Amino acid sequence: MLNIVLLEPEIPQNTGNIGRTCVAIGARLHLIEPMGFSVSDKWVKRAGLDYWDKLDVTVYDSYPDFLCKNFSGNESVNGNRPGIYMATTKARHIYSDVAYEDGCYVMFGKESAGIPEEILIEHEETSVRIPMFGEIRSLNLSNSVAVIAYEFMRQHGFDGLNPVGELHRLKWRES
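Residues numbered from 1 in each chain as written. Predicted model: local features only at pLDDT ≥ 70, side-chain atom pairs only at ≥ 80, totals over all residues. Heavy atoms only, no water.

Asker: Can you lay out helix 3 (residues 63–71) for me, pointing to particular residues and giving the numbers?
Answerer: All of the buried residues along helix 3 are Y63, D65, F66, N70 and F71. Turning to helix 3, the residues buried within the fold contact strand 1 (3–7), strand 2 (28–32), strand 3 (56–60), strand 4 (84–87), strand 6 (105–108) and helix 4 (117–120). (Buried < 20%, exposed > 50% of the residue type's maximum accessible area, 1.4 Å probe, protein only. Helix = DSSP H or I, 4+ residues; strand = E, 2+ residues; numbered from the N terminus. Contact = heavy atoms within 4.5 Å.)

As structure tokens, this is what we get:
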């Protein structure tokens, strides 16, 4: 399972979209305060449509609270702590060059500023970026989450996802 972490998200529609993506792939969503909205905000729910009640979501008071509750003595079944990856435009490593282990966390920063450099410097080897053309600063937060989340799913064989898409009214021809 993938853990998506949003550090101080500011735009409710992005968080709603990300919540919907998490439900679609069976990921957990971790939200770190302060946020620019309430999780009960109508724009969060509207962007997440009718999926918000199916979302496995946890809200933390602060980044230290998140670390304490997820990385203090928390070990995976093979005896290793799950990794935490920092998604940032400043990283040396490309997101698709990383082998994401089951149970890992991928953190994304707030829309206006990303993840603070004080946090990034502690995670130099696990910071990843999505390559972009030219001088563009960044992708939309919900798009960035989707890109990396589906790379995780691809690496794990799309485990648990629908194997074949179905049409609504018609049927695909048998192959």
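Asker: If you had to explain the sheet that holds strand 4 to someone new, which residues and values would you point to?
Answerer: Taken together, seven strands build an open sheet; the order of strands is 3-2-1-6-4-7-5 and the sheet is parallel. Two strands bound the open sheet, and with one partner strand each, they are strand 3 and strand 5 (93–94). Bridge count for strand 2 against strand 3 is five bridges, and the pairing is parallel. For R28, the partnering residue across the bridge sits in strand 3 and is D56. Where helix 1 (residues 12–25) meets the sheet, its contacts fall on strand 1 and strand 2, and the angle it forms with strand 2 comes to roughly 155°. Across the face of the sheet, helix 3 comes into contact with strand 1, strand 2, strand 3, strand 4 and strand 6 while running at roughly 175° to strand 6. (Pairing = 2+ DSSP bridges. Axes fitted to C-alpha atoms, helices over the stretch in contact; angles between N-to-C directions.)

Asker: Describe in detail helix 5 (residues 141–155), supporting the description with residues and values.
Answerer: Its 15 residues place the ends of helix 5 21 Å apart at the C-alpha level, agreeing with the 21 Å of an ideal helix rising 1.5 Å per residue. Where the residues of helix 5 are buried, they touch strand 1, helix 1, strand 4, strand 6 and strand 7 (127–129). Positive phi appears at G157, one or two residues downstream of helix 5, with a value of about 65°. (Expected span 1.5 Å × (residues − 1).)

Asker: Give a detailed account of the nonpolar core, specifying residues and quantitative values.
Answerer: One finds L2, I4, L6, L29, Y100, F108 and I148 to be the most contacted residues of the largest nonpolar core, which totals 29 residues. Among the secondary structure elements, those contributing two or more residues to this core are strand 1, helix 1, strand 2, strand 4, strand 6 and helix 5. Among the elements that make up this core, the one with the highest residue count is helix 5 (six residues). For F108, the residues in contact, after removing those within four places along its chain, are I4, V5, L6, L7, A87, I115, L141, S144, V145 and I148. (Core = buried A, V, L, I, M, F, W, Y, C linked by side-chain atoms within 4.5 Å.)

Asker: Requested: an account of a nonpolar patch on the surface, with residues and values cited.
Answerer: Taken together, V164, L167, L170 and W172 make up a surface patch of nonpolar side chains, about 430 Å² in accessible area. When you line up the elements, L170 lands in the segment after helix 5. Residue class for L170 comes out exposed when judged on its relative accessible area of 55%. (Patch = residues over 30% accessible without salt bridge, like charges linked within 9 Å, V, L, I, M, F, W, Y side chains within 5 Å. Areas by Shrake-Rupley, 256 points an atom, 1.4 Å probe, with all protein chains shown as cover. Salt bridge = Lys/Arg side-chain N within 4 Å of Asp/Glu carboxyl O.)

Asker: Which residues make up the pairing of strand 1, and what values do they have?
Answerer: Burial analysis of strand 1 places five of its five residues in the buried class, which makes it a mostly covered element. Where strand 1 and strand 2 come together, five bridges link them in parallel fashion. Residue pairing for strand 2: I4 is matched across the bridge by L29. Regarding the hand of the β-α-β motif, the stretch spanning strand 1, helix 1 and strand 2 is right-handed. As paired elements, strand 1 and strand 6 share four bridges and run parallel to each other. The residue of strand 6 that forms the bridge with V5 is M107. (Right-handed = clockwise from strand over helix to strand, strands pointing away.)

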